[in-house]
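# Examination of the molecular architecture
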Amino acid sequence: LDKMVSWDVVKGDGNGNYNTGNVITRAEFVAMMNRAYGYNDLGTMPFTDVTPWDWFYEDINKAYTAGIFQGTSDTTAEPYAPITREQAITLLARTMRMDEIPGEIIDFTDGRQFSSWSRGYVKAAIRAGIINGYEDGSCRPMQNLTRGEAIKMMCVGIGSLINTPGTHAP
């Protein structure tokens, strides 16, 4: 949390609370991703539930324009809806430009519960060490993500900033 706050990826509420146990919305997660990865380009969006006066308008637009955010339908983004674990993993994997890896997810006891559209990205995120499951061996793909889980996922995805010249490896 401290690292993500110091990098200005995570912002608290008006009272300085980060509410790490609260569920995070699709719009809030996308806003964190934009701050973390620096998306800036705006384009045309098809979403009828995102209007120019919404606080998240530019964040949804930037993520959609970058090709990492897709709506829940051709015309809806559902910005106020909680983001599920599989949705967040997929968005982060797309953001990191991971190639989808085909096949079943056998790393978790509930691997067959992942939607077909997320499996390739989830497998890529597992292979990259971005995600891991719970102590019981599950990942709970349909469960809503908390702000704390989102912060951890984002922190692992970003890694450590390196500002020295040379070749670096993970």
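Before reading on, note that the structure itself is shown above.
In what follows, the accompanying structure is described.

### Overview of the pattern of salt bridges
Within this structure, the stated rule accounts for 3 salt bridges. E28 serves as the salt-bridge partner of R147, at 4.0 Å between the closest nitrogen and oxygen. With a gap of 119 residues between them, R147 in helix α6 (residues 147-158) and E28 in helix α2 (residues 26-37) connect regions that are remote in the sequence. A residue is classified by how much of its surface remains accessible, and R147, at 12% relative accessible area, is buried. Classification of E28 by relative accessible area gives partly exposed; the value is 25%. The shortest N-O distance in the salt bridge between D136 and R140 comes to 3.2 Å. A residue is classified by how much of its surface remains accessible, and R140, at 30% relative accessible area, is partly exposed.

### With respect to the nonpolar core
Counting residues in hydrophobic clusters, the biggest one holds 43 residues, and the most contacted among them are F29, I60 and I131. Counting residues per element, the ones that place at least two in this core are α2, α3 (57-65), α4 (85-95), α5 (116-127) and α6. Apart from residues no more than four positions distant in its own chain, F29 is found in contact with I24, I83, A88, L91, L145, A150 and M154.

### What about the environment of G43?
Mapped onto the fold, G43 is located in the loop between α2 and α3. Spatially, the C-alpha atoms of G43 and Y64 are 8.1 Å apart, while their sequence positions differ by 21 residues. Every residue in contact with G43, bar those within four places of it in the chain, is listed here: N61 and T65.

### A few points about the environment of Q113
Topologically, Q113 is positioned in the loop between α4 and α5. Sequence separation of Q113 and C139 is 26 residues, and the distance between their C-alpha atoms is 9.3 Å. Beyond its immediate stretch of four places on either side in the chain, Q113 contacts P141 and M142.

### With respect to the packing of α4 against α6
In the contact formed by α4 and α6, the axes pass within 11 Å of each other and the chain directions differ by 25 degrees. Overall, the two elements α4 and α6 adopt an arrangement that is roughly parallel. For the pair α4 and α6, the crossing hand works out as right-handed. In this structure, α4 uses R85, A88, I89 and L92 to contact α6, whose residues at the interface are E149, M153, M154 and G157. Partitioned by chemical class, the residues of the contact of α4 with α6 number 5 nonpolar, 1 polar and 2 charged.

### A look at α4
Helical geometry note: an α-helix holds 3.6 residues per turn, so side chains three or four residues apart project in the same direction. Counting buried positions over the 11 residues of α4 gives 11, a clear majority of the element. Looking at α4, one finds that the buried residues are R85, E86, Q87, A88, I89, T90, L91, L92, A93, R94 and T95. The inward-facing, buried residues of α4 contact α2, α5 and α6. Looking at the residues trailing α4, positive phi occurs at R97, about 60 degrees.

Parameters at a glance
- Residues numbered from 1 in each chain as written.
- Predicted model: local features only at pLDDT ≥ 70, side-chain atom pairs only at ≥ 80, totals over all residues.
- Heavy atoms only, no water.
- Salt bridge = Lys/Arg side-chain N within 4 Å of Asp/Glu carboxyl O.
- Helix = DSSP H or I, 4+ residues; strand = E, 2+ residues; numbered from the N terminus.
- Buried < 20%, exposed > 50% of the residue type's maximum accessible area, 1.4 Å probe, protein only.
- Core = buried A, V, L, I, M, F, W, Y, C linked by side-chain atoms within 4.5 Å.
- Contact = heavy atoms within 4.5 Å.
- Axes fitted to C-alpha atoms, helices over the stretch in contact; angles between N-to-C directions.
- Parallel < 35°, antiparallel > 145°, perpendicular 65-115°, else oblique.
- Left-handed = near helix turned anticlockwise from the far one by under 90°.
- Nonpolar A, V, L, I, M, F, W, Y, C, P; charged D, E, K, R; others polar.

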